[in-house]
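So you can see what is in the structure, the chains are spelled out below.
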Amino acid sequence: MGWLGLEGRRALVMGAGGLGAACTRALADAGARSAVVDVAEARLKSLRDDPALADAGVRVFPADVTTSEACEEAIAAAAGELGGLDVLVHAVGTNDRRPVVATPDEVWDRIVTLNLSSAFWAGRAAGRLMRAAGRGSMVFFSSVSSRLAHKHHAPYAATKGGLDQLVKVMAREWAADGVTVNAVAPGYTETELTRSYLDKPGMREEMAGLVPAGRLGTPDDVVGAVLFLASQRAAFVTGQVLYVDGGRTLV
Ligand SMILES: NC(=O)c1ccc[n+]([C@@H]2O[C@H](COP(=O)([O-])OP(=O)(O)OC[C@H]3O[C@@H](n4cnc5c(N)ncnc54)[C@H](O)[C@@H]3O)[C@@H](O)[C@H]2O)c1
């Protein structure tokens, strides 16, 4: 048994993007039995085509998690496939950078639904199962935007601030049932979510200049925190937001 004790733990990763895929690979390396869902077939295909993940028995299936019913179904399907659910990693999210006065309702609603409502729906469904089993760990993706007032991030920042509070309330309600609920809050990390923004002339250097560590994050920088919080080593850690940001929130 490895130090984290994740062998055989049954994990659902929601989101096969840059961070979700990295978490899926790290969970497989740690010996967890995982399923992963995403709305984008291309993202799922890249995981399906990965021989290491196939060897680890990672199940991959499509789901659009923007309704309560879809989240309930995804949790139930994963628990059915895996024979229960010990770990939930919620790694879906989106952003749309605009000034507040240029943000239409459709953009606000879309970001709130995916970033925050899906976390509530998935957490509630997983919480029911984990409480009944008397154990479980959930890890959600917050962001440095939950704390910093970045311009042109109103819906995104609001959802991440809301997520931090959602995590704390779920953690408090379920602590006595052996269920931990935490969040990892990355700074700018190179994935599809940030690529077009960082590709603007000079932007990558400007953003890296704001980070005391002097560089942007990579998905591999984030997975250690996720695996720790998902593991029994963190059984007494709950309701926390762990910043993985090279010191970005210190300045
Ligand atoms: N990359 C960063 O710099 C960064 C920083 C802080 C926080 N985060 C957070 O980390 C999480 C993961 O971000 P990422 O960088 O991996 O982004 P990403 O864009 O690479 O991945 C997001 C994934 O969500 C999936 N998705 C979108 N809509 C969906 C839907 N309706 N149903 C199911 N899946 C859907 C996308 O297909 C994609 O695979 C997000 O919550 C994000 O806000 C990212």
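A brief structural summary. (Residues numbered from 1 in each chain as written. Predicted model: local features only at pLDDT ≥ 70, side-chain atom pairs only at ≥ 80, totals over all residues. Heavy atoms only, no water.)

### Points about the overall build of the protein chain
Scanning the protein chain for helices and strands turns up 9 helices and 7 strands. Relative to its length of 251 residues, the protein chain is compact, with a C-alpha radius of gyration of 17 Å against a globular reference of 18 Å. Overall, the C-alpha framework of the protein chain stretches about 45 × 35 × 35 Å when taken along its three principal axes. Relative to its 251 residues, the protein chain shows a buried fraction of 53%. Considering only contacts within the protein chain whose residues lie at least 6 apart along the sequence, 72% involve residues at least 24 apart. In the form shown here, the protein chain has an accessible surface area of approximately 11,200 Å², with 55% of it arising from carbon and sulfur atoms. One way to put it: in the protein chain the 26 positive side-chain charges average out to a point 4 Å from where the 28 negative ones average out. (Helix = DSSP H or I, 4+ residues; strand = E, 2+ residues; numbered from the N terminus. Rg over C-alpha atoms; globule rule 2.2 N^0.38 Å. Buried < 20%, exposed > 50% of the residue type's maximum accessible area, 1.4 Å probe, protein only. Contact = heavy atoms within 4.5 Å. Areas by Shrake-Rupley, 256 points an atom, 1.4 Å probe, with all protein chains shown as cover. Lys, Arg positive; Asp, Glu negative; His and termini not counted. Charge placed at Lys NZ, Arg CZ, Asp CG, Glu CD.)

### Re the packing of aromatic side chains
Within this structure, the stated rule accounts for 1 aromatic pair. Summarising the aromatic geometry, the rings of tyrosine 188 and tyrosine 197 are spaced 5.9 Å apart at their centres and angled 20° between planes, so their arrangement reads as stacked. Using a relative accessible area of 17% as the deciding quantity, one classes tyrosine 197 as buried. Against the face of tyrosine 197 rests arginine 97, its NZ or CZ located 4.1 Å from the ring centre. (Phe/Tyr/Trp six-rings, centres within 6.5 Å; stacked < 30°, edge-to-face > 60°. Lys NZ or Arg CZ within 6 Å of the ring centre and 35° of its normal.)

### Some thoughts on the environment of lysine 168
The topology assignment puts lysine 168 in helix α6 (residues 154-174). Look at lysine 168 and you get partly exposed, because its relative accessible area is 38%. The spatial distance from the C-alpha of lysine 168 to the C-alpha of alanine 183 is 9.2 Å, given a sequence separation of 15 residues.

### Structural notes on the pairing of strand β4 (residues 87-90)
Every second residue of β4 is oriented toward a common face, with Val87 and Val89 on one face and Leu88 and His90 on the other, all of them buried. Judged from the 4 bridges that link them, strand β1 (residues 10-14) and β4 form a sheet pairing that is parallel. Across the sheet, leucine 12 pairs through a bridge with leucine 88, a residue of β4. Sheet topology note: the β4/strand β5 (residues 136-141) ladder contains 4 bridges and is parallel. Within β5, the residue paired with histidine 90 across the bridge is phenylalanine 140. Each parallel crossover has a hand, and for β4 linked through helix α5 (residues 105-133) to β5 it is right-handed. (Pairing = 2+ DSSP bridges. Right-handed = clockwise from strand over helix to strand, strands pointing away.)

### Focus: the site of the ligand
The environment of the ligand is made up of 29 residues, and the closest members are Asp38, Arg43, Tyr156, Thr189 and Thr191. A distance of 3.1 Å separates an oxygen atom of the ligand from a polar backbone atom of glycine 17. Protein contacts shield 92% of the accessible area of the ligand, which totals 820 Å² for the unbound molecule. In a pocket analysis with a 2 Å cut-off to the grid points, the ligand is assigned to the largest pocket. Only α1 (18-29), α6 and α7 (192-198) provide two or more residues apiece to the shell around the ligand. Top contributing element to the shell around the ligand by residue count: α7, with 3 residues. The residue inventory of the shell around the ligand, partitioned by class, reads 14 nonpolar, 10 polar and 5 charged. (Near = heavy atom within 4 Å. Polar contact = N/O pair within 3.5 Å; in protein donor to acceptor, adjacent residues only side chain to side chain. 1 Å grid on protein atoms, 1.4 Å probe; cavity = no way out; pocket = protein on both sides within 12 Å on 5 of 7 lines; lining within 4 Å. Sits in = over half its atoms within 2 Å of the grid points. Nonpolar A, V, L, I, M, F, W, Y, C, P; charged D, E, K, R; others polar.)

### Overview of the sheet that holds β4
If you trace the 7 strands from one edge of the open sheet to the other, you get β3-β2-β1-β4-β5-β6-β7, paired in parallel fashion. The open sheet is flanked by β3 (59-62) and β7 (241-244), the only strands paired with a single partner. Neighbour-to-neighbour, the strand axes of this sheet turn through a mean angle of 15°, independent of strand direction. Here β1 pairs with strand β2 (residues 33-38) via 5 bridges, running parallel. Bridging from a neighbouring strand, methionine 14 pairs with valine 37 of β2. Against the sheet, helix α9 (residues 219-230) makes contact with β4, β5, β6 (179-186) and β7, and its axis sits at roughly 170° relative to β6, the strand it touches most. (Axes fitted to C-alpha atoms, helices over the stretch in contact; angles between N-to-C directions.)

### A look at the side chain of serine 137
Mapped onto the elements of the fold, serine 137 is located in strand β5. Residue classification places serine 137 among the buried positions, given a relative accessible area of 2%. Of the polar contacts made by the side chain of serine 137, one reaches the backbone oxygen of alanine 230; its length is 3.1 Å. In this structure serine 137 touches Arg9, Asp86, Val87, Leu88, Met130, Thr180, Leu229, Ala230 and Gln232, once residues within four positions along its chain are discounted.

### Observations regarding the layout of surface pockets
What the largest pocket holds in volume is close to 710 Å³. Lining the largest pocket are 38 residues, with Ala91, Val92, Gly93, Thr94 and Leu193 positioned closest to its centre. Listed by contribution, the elements that provide at least two residues to the lining of the largest pocket are α1, α6 and α7. Residue composition of the lining of the largest pocket, by class: 15 nonpolar, 17 polar and 6 charged. (Points joined across faces, edges and corners; volume = space filled by probe spheres on them.)

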